[in-house]
Amino acid sequence: MEQKTNIDRRLFSRYVAKKIKHISSTHIESIISILFDEMTQDLEKGITITIGNFGKFILETLGPRKHLNINSGEFTISPGNKILRFCLTKKLRLFLIKNLDIAKTYGDAYNE
């Protein structure tokens, strides 16, 4: 069975709500939505978002690429794309590689 590596906002907010018992998951989901919206606006402005002891988000613009159009048989140039990259801090990355078991952490909620 292939393990998922992504979780959505709702699952993430439920996980946080379990850890912080006195705040509802819907309130946490609202906070996460606001946070992601603010981060998106900053990334679109070209600002790198760094979260201490966690990592950084970078929005990079890739240059145009040559590719073969299989219908016409000609090479064309596609426009550049934007790509969001996230880099974990080295310490956190090594810790996760050593200790993370996603199925054990999320249980049945992970497979929904």
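About the cut-offs
Residues numbered from 1 in each chain as written. Predicted model: local features only at pLDDT ≥ 70, side-chain atom pairs only at ≥ 80, totals over all residues. Heavy atoms only, no water. Salt bridge = Lys/Arg side-chain N within 4 Å of Asp/Glu carboxyl O. Helix = DSSP H or I, 4+ residues; strand = E, 2+ residues; numbered from the N terminus. Axes fitted to C-alpha atoms, helices over the stretch in contact; angles between N-to-C directions. Parallel < 35°, antiparallel > 145°, perpendicular 65-115°, else oblique. Left-handed = near helix turned anticlockwise from the far one by under 90°. Contact = heavy atoms within 4.5 Å. Nonpolar A, V, L, I, M, F, W, Y, C, P; charged D, E, K, R; others polar. Pairing = 2+ DSSP bridges. Phe/Tyr/Trp six-rings, centres within 6.5 Å; stacked < 30°, edge-to-face > 60°. Buried < 20%, exposed > 50% of the residue type's maximum accessible area, 1.4 Å probe, protein only. Lys NZ or Arg CZ within 6 Å of the ring centre and 35° of its normal.

Draft legend 1. Structural view of the pattern of salt bridges. Applying the stated criterion across every chain yields a total of two salt bridges. The closest approach of N and O atoms between Arg10 and Glu29, which form a salt bridge, is 3.9 Å. Taken together, the residues span a long stretch of sequence, with Arg10 in helix H1 (residues 9-19) and Glu29 in helix H2 (residues 25-44) at a distance of 19 residues. A salt bridge links Glu60 to Arg85; the shortest N-O distance between them is 2.7 Å. Separated by 25 residues along the polypeptide, Glu60 in strand S2 (residues 55-61) and Arg85 in strand S5 (residues 82-88) bring together distant segments of the chain.

Draft legend 2. Inspection of the packing of H1 against H2 at higher detail. It is at 8 Å that the axes of H1 and H2 come closest, and there the two elements cross at 125°. As the angle between them shows, H1 and H2 are arranged oblique. Every pair of crossing elements has a handedness; the one defined by H1 and H2 is right-handed. Of H2, the residues touching H1 (which contributes Arg9, Arg10, Phe12, Ser13, Arg14, Val16 and Ala17) are Ser25, Ile28, Glu29, Ile32, Ser33 and Phe36. Split into classes, the residues belonging to the contact of H1 with H2 amount to six nonpolar, three polar and four charged.

Draft legend 3. Molecular detail of the sheet that holds strand S1 (residues 49-51). With respect to topology, three strands assemble into an open sheet ordered S1-S2-S5, the strand pairing being antiparallel. For this open sheet the edge positions go to S1 and S5, each flanked by a neighbour on one side alone. Sheet twist, expressed as the mean angle between neighbouring strand axes with direction ignored, is 20°. With three bridges joining them, S1 and S2 adopt antiparallel strand pairing. Bridged to Ile49 within S2 is Phe57. Across the face of the sheet, H2 comes into contact with S1, S2 and S5 while running at roughly 45° to S2.

Draft legend 4. The arrangement of the packing of aromatic side chains in detail. Using the criterion set out here, one finds two aromatic pairs in the structure. On the numbers, 5.3 Å between centres and 45° between planes, the contact of Phe54 with Phe86 is tilted. Taken together, the residues span a long stretch of sequence, with Phe54 in the loop between S1 and S2 and Phe86 in strand S5 at a distance of 32 residues. Overall, Phe54 belongs to the partly exposed group, its relative accessible area being 35%. Overall, Phe86 belongs to the partly exposed group, its relative accessible area being 33%. Ring pairs connect the aromatic residues Phe54, Phe57 and Phe86, which therefore count as one cluster. If you follow Lys66 out to its NZ or CZ, it ends over the ring of Phe75, 6.0 Å from the centre.

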